[in-house]
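What follows is each chain in one-letter form.
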Amino acid sequence: MGQSNRNWLVRGLDVLSRCLIAVHILLLFRCAEWQVMPAAGVTAACAAAGCIGLRLLRKGHFRAHMLTLYICELIQIIVCVVCMGWSAGFQIPLVGLTLLVFFAEYLGRSLKMPYIPALPLGIVSFAVYLLVFPFFFHKPGLLPVPQSALLTVEIPWSVLVFAAVIAGLRSSVRMTMDSERVLSNEAKTDALTGLYNRDGYDALCAAADLHTTTLLLVDVDKFKGINDRFGHEIGDRVLKKIARSLKQNFRREDSVCRIGGDEFAVLMPNNTAPEDETIREKVMRINRELSNTVDDSLPPVSISVGGAHGGGTEDWTALFRQADAALYQVKEAGRRGFRFYRP
């Protein structure tokens, strides 16, 4: 998501804040008219706090703004229910609060902005609902609809509100888990190529079966010369091309990682025995693709690959050393090739 989405979020929150301030001012006049002075005082304080929250929003303090908004609305609901009784007009904002914090967390995480955690605040909203509902259900107070009609719809309406709060909490839990998973995946992904990074490589190793995995270490031949001659922008495009070619030529179950500047690794699980010729053909095909400059006008490049099988190793470090030794032999032999480690 880019700057336009960020601006859209700010505008949306600005409009929401203005609407809530306007509602508080209107409610202030009604409370004064009904001579419910405690609720009038709290409403005035919430309207003032809403103005403060608006200033915080304009200064970029999104989390402080959303927390101010949430706390003000929560206090407003509690005081109004205590002073004027339970009614549909005060149930709606309570559901709105649960969905509001869910909305704030989702967009905050999506836009890489400060966010407020939806789950704790959603639980607070739900707890307030449970505390207020039993005590004030039989004190309808100032009702937004005629009392005779309200008595007919109050129970199903309350059940509907209860279901909406539960749905909001479930959505908050699910989105929190999804967001954490997305953030975790982003932390293990290389920003340039979209492959797994070194952390992702370590996580894959921890989850794989060492003794049935083949590890390939891939080094770009004379990549420093490409950067020095053509610049880092072209160098980055070359790395993307290599990453794309590696992904396309290996199996879907194989994991391609960028573990260094111009160093890649390929984890090939479920290999009961080394497949030298199959891998050699893949490397030859990749080098042919990388030498093709017609389609993208990028400088030709080649890779050297060393491989090792985990069948006879005691840990991943030993397997890495073996693949690195095979890669060194390829470089010593003139690069642009593949060699499998043999004890």
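Conventions used here
Residues numbered from 1 in each chain as written. Predicted model: local features only at pLDDT ≥ 70, side-chain atom pairs only at ≥ 80, totals over all residues. Heavy atoms only, no water. Helix = DSSP H or I, 4+ residues; strand = E, 2+ residues; numbered from the N terminus. Buried < 20%, exposed > 50% of the residue type's maximum accessible area, 1.4 Å probe, protein only. Contact = heavy atoms within 4.5 Å. Areas by Shrake-Rupley, 256 points an atom, 1.4 Å probe, with all protein chains shown as cover. Pairing = 2+ DSSP bridges. Lys, Arg positive; Asp, Glu negative; His and termini not counted. Salt bridge = Lys/Arg side-chain N within 4 Å of Asp/Glu carboxyl O. pLDDT = per-residue confidence, 0-100. Core = buried A, V, L, I, M, F, W, Y, C linked by side-chain atoms within 4.5 Å. Patch = residues over 30% accessible without salt bridge, like charges linked within 9 Å, V, L, I, M, F, W, Y side chains within 5 Å. Expected span 1.5 Å × (residues − 1). Polar contact = N/O pair within 3.5 Å; in protein donor to acceptor, adjacent residues only side chain to side chain.

Caption draft 1: Looking closely at the overall build of the protein chain. For the protein chain, the count of helices and strands is 11 helices and 5 strands. A burial count over the protein chain gives 45% of its 343 residues as buried. Look at the contacts in the protein chain between residues 6 or more apart in sequence, and 70% of them connect residues 24 or more apart. Accessible surface, the protein chain: about 18,000 Å² in total, of which carbon and sulfur atoms supply 60%.

Caption draft 2: Representation of the pairing of strand 4 (residues 303-309) in the model. Burial analysis of strand 4 places 7 of its 7 residues in the buried class, the great majority of the element. Side chains Ile303, Val305, Gly307 and His309 of strand 4 all project onto a buried face; the interleaved residues Ser304, Gly306 and Ala308 project onto the opposite face, where all are buried too. In the sheet, strand 1 (residues 214-220) pairs with strand 4 via 7 bridges, with the strands oriented antiparallel. Of the residues in strand 4, the one forming a bridge with Leu217 is Gly306.

Caption draft 3: The arrangement of the side chain of Asp262 in detail. Among the structural elements, Asp262 can be located in the loop between strand 2 (255-258) and strand 3 (263-268). Despite being buried, Asp262 has no salt bridge partner; Lys331 is the closest side chain of opposite charge, sitting 7.2 Å away. For Asp262, the contacting residues outside a window of four places in its chain are Val218, Asp219, Val220, Phe223 and Leu239.

Caption draft 4: Structural view of the confidence of the model for the protein chain. Confidence in the prediction of the protein chain, expressed as mean pLDDT, is 76, and 66% of residues score 70 or more. Segment residues 136-156: pLDDT under 50, and 28 contacts once partners within four positions in sequence are set aside and those in other chains are kept.

Caption draft 5: Spatial organisation of the nonpolar core. Counting residues in hydrophobic clusters, the biggest one holds 25 residues, and the most contacted among them are Leu216, Ile242, Leu246, Phe264 and Ile303. Per element, the largest residue contribution to this core is 5 residues, and it comes from helix 9 (residues 232-249). Setting aside residues no more than four positions away along its own chain, Ile242 makes contact with Val220, Phe264, Leu290, Val301 and Ile303. Grouped together as the second largest cluster of nonpolar side chains are 14 residues, Leu210, Leu217, Ala265 and Trp316 included.

Caption draft 6: Just the environment of Phe340, in detail. Mapping Phe340 onto the fold places it in strand 5 (residues 338-340). C-alpha separation for the pair Phe340 and Glu275, spaced 65 residues apart in sequence, amounts to 9.1 Å. Residues in contact with Phe340, not counting those within four places in the same chain, are Thr214, Pro274, Asp276, Ile279, Gly307, Ala308, His309 and Ala326.

Caption draft 7: Fine view of a nonpolar patch on the surface. Taken together, the side chains of Leu67, Ile71 and Ile75 present a nonpolar region at the surface, about 230 Å² in accessible area. With respect to the helices and strands, Ile75 occurs in helix 3 (residues 62-84).

Caption draft 8: View of helix 11 (residues 316-332). Here helix 11 contains 17 residues, and its C-alpha end-to-end distance of 24 Å stays within 8% of the 24 Å for a straight helix at 1.5 Å per residue. Those residues of helix 11 that sit buried are Trp316, Ala318, Leu319, Gln322, Ala323, Ala326, Leu327 and Val330. Each element contacted by the buried residues of helix 11 is listed here: helix 7 (198-207), strand 1, strand 3, strand 4 and strand 5. For helix 11, the capping residue at the N-terminal end is Asp315, with a side-chain oxygen 3.2 Å from the backbone nitrogen of Thr317. Positive phi appears at Gly334, one or two residues downstream of helix 11, with a value of about 115°.

Caption draft 9: Quick peek at the environment of Gly235. Mapping Gly235 onto the fold places it in helix 9. The buried category is assigned to Gly235, whose relative accessible area is 0%. It is 7.8 Å that separates the C-alpha atoms of Gly235 and Phe223, two residues lying 12 residues apart in sequence. The contact partners of Gly235, leaving out residues within four places of it in the chain, are Phe223, Ile226 and Asn227.

Caption draft 10: Representation of the environment of Cys205. Relative to the assigned elements, Cys205 resides in helix 7. Given the relative accessible area of 6%, Cys205 is considered buried. Sequence separation of Cys205 and Pro269 is 64 residues, and the distance between their C-alpha atoms is 9.9 Å. Beyond its immediate chain neighbours, meaning those up to four positions away, Cys205 contacts Leu267 and Trp316.

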